[in-house]
Each structure stands twice: as C-alpha cells, then as structure tokens.
Amino acid sequence: MLVEKIELEKGSAMGLSFHMHNAPLLVIRADRGFLMCGYLDMDAAGILNDVAVKVKGVRTFDDALKAPVVGATQAAMNLGIKVGMTGQEALELMF
C-alpha cells in the first residue's frame, strides 16, 4: 500500500493506493470528502451522506487528478461539484 501527501492549491490531501490483482484501488481524501476510483461504490457513499466523487480508468494519483468526474454524491453536488470537472477541481472544492 502506498500513502502519499498530495499538495493542492487549497490544501493537502492524502492519497491511498492499494495494488489489487489487475488495477490499483485509489482514494484521495481532502478535508470534507474524497475522490474514489471505479473499484468503490458511489451508492454506499451517497447513503452515508459522504462528499464523494468517482473517476474511472486511473492507475496513479496524477491520473485521478486529471480524470473527469463520472459520478458525485448529492453532498458533493451541494458543494458545487459537477460531473465532467477534473478530479483536482472537485477535490479543491472539498477544502
């Protein structure tokens, strides 16, 4: 497992990468929410009222920051996060 501090414009996020058999499981956590890769469940995040966004097809933290958001919980949308913005743009709104 890799744990990495990721410096963004509005704050520092914590990246977690766990290498599974075929692709890594990635999560980047900001102060008020997190970005997840396709391995994780948006429905569960929504039920828990988490601020969460999903990106797909990523293998590194850099990929995740550049990838378009393909899903967002209602709590994330309430912060102004929209599907289509980059992972980094979404994370910046979570500080």
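Before reading on, note that the structure itself is shown above.
The following paragraphs examine the structure supplied in this document. Since this is a predicted model, take the numbers as computed values, not measurements.

Cut-offs applied
Residues numbered from 1 in each chain as written. Predicted model: local features only at pLDDT ≥ 70, side-chain atom pairs only at ≥ 80, totals over all residues. Heavy atoms only, no water. Helix = DSSP H or I, 4+ residues; strand = E, 2+ residues; numbered from the N terminus. Pairing = 2+ DSSP bridges. Salt bridge = Lys/Arg side-chain N within 4 Å of Asp/Glu carboxyl O. Buried < 20%, exposed > 50% of the residue type's maximum accessible area, 1.4 Å probe, protein only. Core = buried A, V, L, I, M, F, W, Y, C linked by side-chain atoms within 4.5 Å. Contact = heavy atoms within 4.5 Å. Patch = residues over 30% accessible without salt bridge, like charges linked within 9 Å, V, L, I, M, F, W, Y side chains within 5 Å. Areas by Shrake-Rupley, 256 points an atom, 1.4 Å probe, with all protein chains shown as cover.

**Section: unusual backbone geometry**
A positive phi is found at asparagine 49, a non-glycine position, where the angle reads about 60 degrees. Here asparagine 49 is to be found in the loop between α1 (42–47) and β5 (52–54).

**With respect to the sheet that holds strand β4 (residues 34–36)**
Ordered by their spatial adjacency, six strands build an open sheet running β1-β2-β3-β4-β5-β6, and the pairing between neighbours is mixed. Two strands bound the open sheet, and with one partner strand each, they are β1 (2–7) and β6 (71–72). Summarising the sheet, strand β2 (residues 12–19) and strand β3 (residues 24–29) pair through six bridges and their orientation is antiparallel. Across the sheet, glycine 15 pairs through a bridge with isoleucine 28, a residue of β3.

**Remarks on the pattern of salt bridges**
Tallied over the full model, the rule gives two salt bridges. Glutamate 7 is the salt-bridge partner of lysine 5, the closest N and O atoms lying 3.6 Å from each other. Glutamate 7 sits in the exposed class, given a relative accessible area of 54%.

**Side note on the nonpolar core**
If you look at the biggest cluster of nonpolar residues, it comprises 32 residues, and the most contacted ones within it are Ile28, Val53, Ile81 and Leu91. Elements represented by at least two residues in this core include exactly β3, β4, α1, β5, α2 (61–66), α3 (74–77) and α4 (87–92). The element contributing the most residues to this core is β3, with four residues. Sequence-distant contacts of isoleucine 28, defined by excluding residues within four places in its chain, comprise Ile6, Ala13, Met14, Gly15, Gly33, Phe34, Leu35, Phe61, Ala64, Leu65 and Leu91.

**Describing a nonpolar patch on the surface**
A surface patch of nonpolar side chains, about 690 Å² in accessible area, is lined by Met1, Val3, Met14, Leu16, Phe18, Met20 and Tyr39. Per-element accounting of the nonpolar patch gives the leading share, three residues, to β2. Positionally, phenylalanine 18 belongs in strand β2. When its relative accessible area of 42% is taken as the criterion, phenylalanine 18 is described as partly exposed.

**What about the pairing of β2?**
As paired strands, β1 and β2 are joined by six bridges and run antiparallel to one another. When the sheet's bridge partners are listed, isoleucine 6 is paired in β2 with alanine 13. Following β1, the chain reverses through four residues before pairing antiparallel with β2. The loop that links β2 with its antiparallel partner β3 comprises four residues.

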